[in-house]
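Now for the letters of each chain:
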Amino acid sequence: MANPYPRGTEERPDERPALTLRRHYRVSPEKVWRAWTDPQALKLWFGPREIVAVPIAEVDLRVGGRFRVQMLANDGETHDVSGTYLEVVPNRKLVFSWAWRSTPERESRVTVRIEPDAAGCELVLLHEQFFDEAARDAHRHGWSGALVKLESWLVLTT
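Presented here is a report on the structure given in the accompanying data block. Remember, it's a predicted structure, so these values are computed and weren't measured experimentally.

**Some remarks on the sheet that holds strand 7 (residues 120-128)**
Part 1: In space, the seven strands of this open sheet follow the order 1-7-6-5-4-3-2, with antiparallel pairing throughout. Each end of this open sheet is capped by a strand with a single partner; those strands are strand 1 (19-25) and strand 2 (51-59). Strand after strand, the sheet turns through a mean of 20° between neighbouring axes, direction not considered.
Part 2: Judged from the six bridges that link them, strand 2 and strand 3 (residues 66-73) form a sheet pairing that is antiparallel. Looking across to strand 3, one finds that Val59 is bridged to Phe67.
Part 3: The strands touched by helix 1 (residues 29-37) are strand 1, strand 2, strand 4 (78-89), strand 5 (93-100), strand 6 (108-117) and strand 7; relative to strand 7, the strand with the most contacts, the crossing angle is about 35°.
Part 4: Contacts from helix 3 (residues 133-156) reach strand 1, strand 2, strand 5, strand 6 and strand 7, with the element oriented near 10° to strand 1.

**Quick notes on unusual backbone geometry**
Part 1: For Asn91, which is not a glycine, the phi torsion comes out positive at approximately 65°.
Part 2: A positive phi angle is found at Gln129, which is not glycine, with a value near 70°.
Part 3: Positionally, Gln129 belongs in the loop between strand 7 and helix 3.

**Re the packing of aromatic side chains**
Part 1: Per the stated rule, a full pass over the model turns up 13 aromatic pairs.
Part 2: Taking 5.5 Å as the distance between ring centres and 85° as the angle between the ring planes, the aromatic pair formed by Trp98 and Trp100 counts as edge-to-face.
Part 3: With a relative accessible area of 4%, Trp98 lands in the buried category.
Part 4: Overall, the relative accessible area of 22% leaves Trp100 in the partly exposed class.

**A look at the pattern of salt bridges**
Part 1: A full pass over the atoms with the stated rule returns nine salt bridges.
Part 2: The residue Arg113 makes a salt bridge to Glu115 at a minimum N-O spacing of 2.8 Å.
Part 3: Of the residues examined, Arg113 reaches a relative accessible area of 30% and is grouped as partly exposed.
Part 4: Its relative accessible area of 27% is what places Glu115 among the partly exposed residues.
Part 5: In the salt-bridge network here, residues are joined through shared partners; they are Arg68, Asp80 and Arg101.

What counts as what
- Residues numbered from 1 in each chain as written.
- Predicted model: local features only at pLDDT ≥ 70, side-chain atom pairs only at ≥ 80, totals over all residues.
- Heavy atoms only, no water.
- Pairing = 2+ DSSP bridges.
- Helix = DSSP H or I, 4+ residues; strand = E, 2+ residues; numbered from the N terminus.
- Axes fitted to C-alpha atoms, helices over the stretch in contact; angles between N-to-C directions.
- Contact = heavy atoms within 4.5 Å.
- Phe/Tyr/Trp six-rings, centres within 6.5 Å; stacked < 30°, edge-to-face > 60°.
- Buried < 20%, exposed > 50% of the residue type's maximum accessible area, 1.4 Å probe, protein only.
- Salt bridge = Lys/Arg side-chain N within 4 Å of Asp/Glu carboxyl O.

Laid out in structure tokens, this is it:
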């Protein structure tokens, strides 16, 4: 039987869709860590370009602690996401569950790794266990836009 998954695709019958994004930032790992773990910082960059405000950002930064982010889009729609921290390695790694208030049964998992280098650090975002490819693709849009906003925030707060 021929392989139904072309070479280079992310899907296999035993795995749910996932995505990986990488960005390099010319700032310290500590600054990138703060962006992900300080509620006031999250309010200033989180979400893709169509997000105009983040009225709620709550962080209980410990294994078993919870986070919640509520975003307001330019069309007036509110997006509310929350999860539980599964792994916390200061300035290096965050792993957390991810579920939208509108679809709590579709829980996925996010791993954020911050890898220092001579010119700053590389951020590697792995979001896995998506419900389907459409959810993965929507999150690719969301995370890509958010990481652009993160870069702008990092530059502005230098």
